[in-house]
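What the coordinates show
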Protein chains: 2
Amino acid sequence: MNGIDQILRQHDIKPSYLRMKVFDYLKQHMDHPDVDKIYKVLAPEIPTLSKTTIYNTLHLFVEKGLVTELILNHQKHYDIRTIPHAHFQCTACGQIDDLEIIPPALDPKYVAAWQINQVQLTYFGVCASCQK
Amino acid sequence: MNGIDQILRQHDIKPSYLRMKVFDYLKQHMDHPDVDKIYKVLAPEIPTLSKTTIYNTLHLFVEKGLVTELILNHQKHYDIRTIPHAHFQCTACGQIDDLEIIPPALDPKYVAAWQINQVQLTYFGVCASCQK
């Protein structure tokens, strides 16, 4: 978990062991996991862990701009890539892929009126494997 | 409900009274309602109505390409405008506005591999009223 404590501190987050473990998991698994998936992997290592603790940790990461939250198919997914990009989600297997497409900028008249916090551009369909 | 039976028939949907009522509601309320909102308005007029019936009706409309389903904030919303456009959702009051932005086309290499069924481009933030 080299350097993770520094990254957290740079984002004004106190680097507890759990926070470092969750961030390390996200760094190594860029497949947009949800809370359940992270819990399944970390719970055997950290017996006192609860899904609520993971959720709160992720919520803090999102608040501090360290992680992006994606709502896809009624589920919250977490993405360590905070630079603008798009996603493809297969509605058959649920797999989420990154796409190097920058979502279009909003007309200045809207930017003046609204406070925009997040843009989500998602293509839904069936991936190559699931079409077979 | 002038002409609604014809629109439904053109989309291969048998125009029952309930289906015509739901479509008429969507036509007159383009604020992207969810099932609860439609139920609240139609239930007093149609005492035998259930949320499941409305959901099934909307599902049929989506399947036949008559209506678009949007998943925003863990809720399914329905939109009679099926031409490509984007949305803004205020995360404070939940209001959803249409935006005249066409989501970017996918690179042909992806279109060849995946079967794309829907594109969702949403800007999340706080609307002018909620900022006051």
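Bear in mind that the values here come from a model prediction, so they are computed numbers and not experimental data. (Residues numbered from 1 in each chain as written. Chains lettered and ligands numbered in written order. Predicted model: local features only at pLDDT ≥ 70, side-chain atom pairs only at ≥ 80, totals over all residues.)

1. Quick word on the pairing of strand E5 (residues 115-126) of chain A
Here strand E3 (residues 86-90) of chain A runs beside E5 of chain A; their pairing, made up of four bridges, is parallel. Paired with His-87 of chain A across the strands is Thr-122 of chain A, a residue of E5 of chain A. Direction of pairing for E5 of chain A relative to strand E5 (residues 115-126) of chain B: antiparallel, over a ladder of eleven bridges. Across the sheet, the residue bridging to Leu-121 of chain A is Leu-121 of chain B, located in E5 of chain B. (Pairing = 2+ DSSP bridges. Helix = DSSP H or I, 4+ residues; strand = E, 2+ residues; numbered from the N terminus.)

2. Points about the relation of the copies chain A and chain B
Put simply, the two copies of the chain differ by a rotation about an axis and a shift along that axis. With an axial shift of 0.0 Å and an RMSD of 0.0 Å, the rotation relating chain A to chain B amounts to 180°. A rotation of that kind, with that shift, is consistent with a two-fold axis. (Least-squares fit on C-alpha atoms with pLDDT ≥ 70 in both.)

3. Overview of the pairing of strand E2 (residues 75-79) of chain A
Residues and elements named next belong to chain A. As defined by bridge partners, strand E1 (residues 68-72) adjoins E2 across five bridges and the pair is classed as antiparallel. Residue Glu-69 lies in a different strand from E2, and its bridge partner there is Tyr-78. Counting the residues between successive antiparallel strands, the hairpin from E1 to E2 contains two residues, one of them, Asn-73, with a positive phi of roughly 55°.

4. So, the interface of chain A and chain B
Facing 25 residues of chain A, the contacting portion of chain B comprises 25 residues. If you list the elements that add at least two residues to the side of chain A that touches chain B, you get E5 and helix H6 (128-131) of chain A. Among the elements that make up the side of chain A that touches chain B, the one with the highest residue count is E5 of chain A (twelve residues). Looking at the side of chain A that touches chain B residue by residue, the class counts come to 16 nonpolar, nine polar and no charged. (Contact = placed C-beta atoms within 7 Å. Nonpolar A, V, L, I, M, F, W, Y, C, P; charged D, E, K, R; others polar.)

5. Looking at the sheet that holds strand E4 (residues 96-99) of chain A
A sheet is described by the order of its strands in space; here six strands give the open sequence E4(A)-E3(A)-E5(A)-E5(B)-E3(B)-E4(B), paired in mixed fashion. Here the strands that pair on one side only, and so sit at the sheet edges, are E4 of chain A together with strand E4 (96-99) of chain B. With direction set aside, neighbouring strand axes in the sheet form an average angle of 30°. Pairing between E3 of chain A and E4 of chain A: four bridges, direction antiparallel. By the bridge assignment, His-87 of chain A is partnered in E4 of chain A with Asp-98 of chain A. (Axes fitted to C-alpha atoms, helices over the stretch in contact; angles between N-to-C directions.)

6. Comments concerning the nonpolar core
Core analysis: the largest hydrophobic core is formed by twelve residues, namely Ala-86, Phe-88, Trp-114, Leu-121, Tyr-123 and Phe-124 of chain A together with Ala-86, Phe-88, Trp-114, Leu-121, Tyr-123 and Phe-124 of chain B. Elements with a contribution of two residues or more to this core: E3 and E5 of chain A together with strand E3 (86-90) and E5 of chain B. (Core = buried A, V, L, I, M, F, W, Y, C linked by C-beta atoms within 7 Å. Buried ≥ 20, exposed ≤ 12 C-beta atoms within 10 Å, placed from the backbone.)

7. Observations concerning the domain arrangement of chain A
Residue and element names in this part refer to chain A. Here chain A is described as being made up of domain 1 (4-79) and domain 2 (86-131). Taking only C-alpha atoms, the centre of domain 1 and the centre of domain 2 are 21 Å apart. Each side of the interface is counted separately: domain 1 has six residues, and domain 2 has six residues. Tallied by class, residues from the side of domain 1 that touches domain 2 come to two nonpolar, three polar and one charged. (Domains from an automatic or database assignment.)

8. Some thoughts on the packing of helix H3 (residues 35-42) of chain A against helix H4 (residues 51-63) of chain A
Residues and elements named next belong to chain A. Between H3 and H4, the shortest axis-to-axis distance is 10 Å and the interhelical angle comes to 120°. In terms of orientation, H3 lies oblique with respect to H4. Classified by chirality, the crossing of H4 by H3 is right-handed. Contacts between H3 and H4 pair Val-35, Ile-38 and Tyr-39 from the former with Lys-51, Ile-54, Tyr-55 and Leu-58 from the latter. When grouped by side-chain class, the residues that make up the contact of H3 with H4 number six nonpolar, no polar and one charged. (Parallel < 35°, antiparallel > 145°, perpendicular 65-115°, else oblique. Left-handed = near helix turned anticlockwise from the far one by under 90°.)

9. Some points on helix H2 (residues 17-28) of chain B
All names here are of chain B. Counted at 1.5 Å a residue, the expected span for H2 with its twelve residues is 16 Å, and the 17 Å between its end C-alpha atoms agrees. Those residues of H2 that sit buried are Arg-19, Lys-21, Val-22, Phe-23 and Leu-26. For H2, the secondary structure elements touched by its buried residues are helix H1 (4-10), helix H3 (35-42), helix H4 (51-63) and strand E2 (75-79). (Expected span 1.5 Å × (residues − 1).)

10. Observations concerning the packing of helix H2 (residues 17-28) of chain A against H4 of chain A
Residue and element names in this part refer to chain A. At a closest axis distance of 10 Å, the pairing of H2 and H4 adopts a crossing angle of 75°. When the axis of H2 is compared with that of H4, the two are roughly perpendicular. Residues Leu-18, Arg-19 and Val-22 of H2 form the contact with H4, whose own contacting residues are Thr-53, Ile-54, Thr-57 and Leu-58. When its residues are assigned to classes, the contact of H2 with H4 shows four nonpolar, two polar and one charged.

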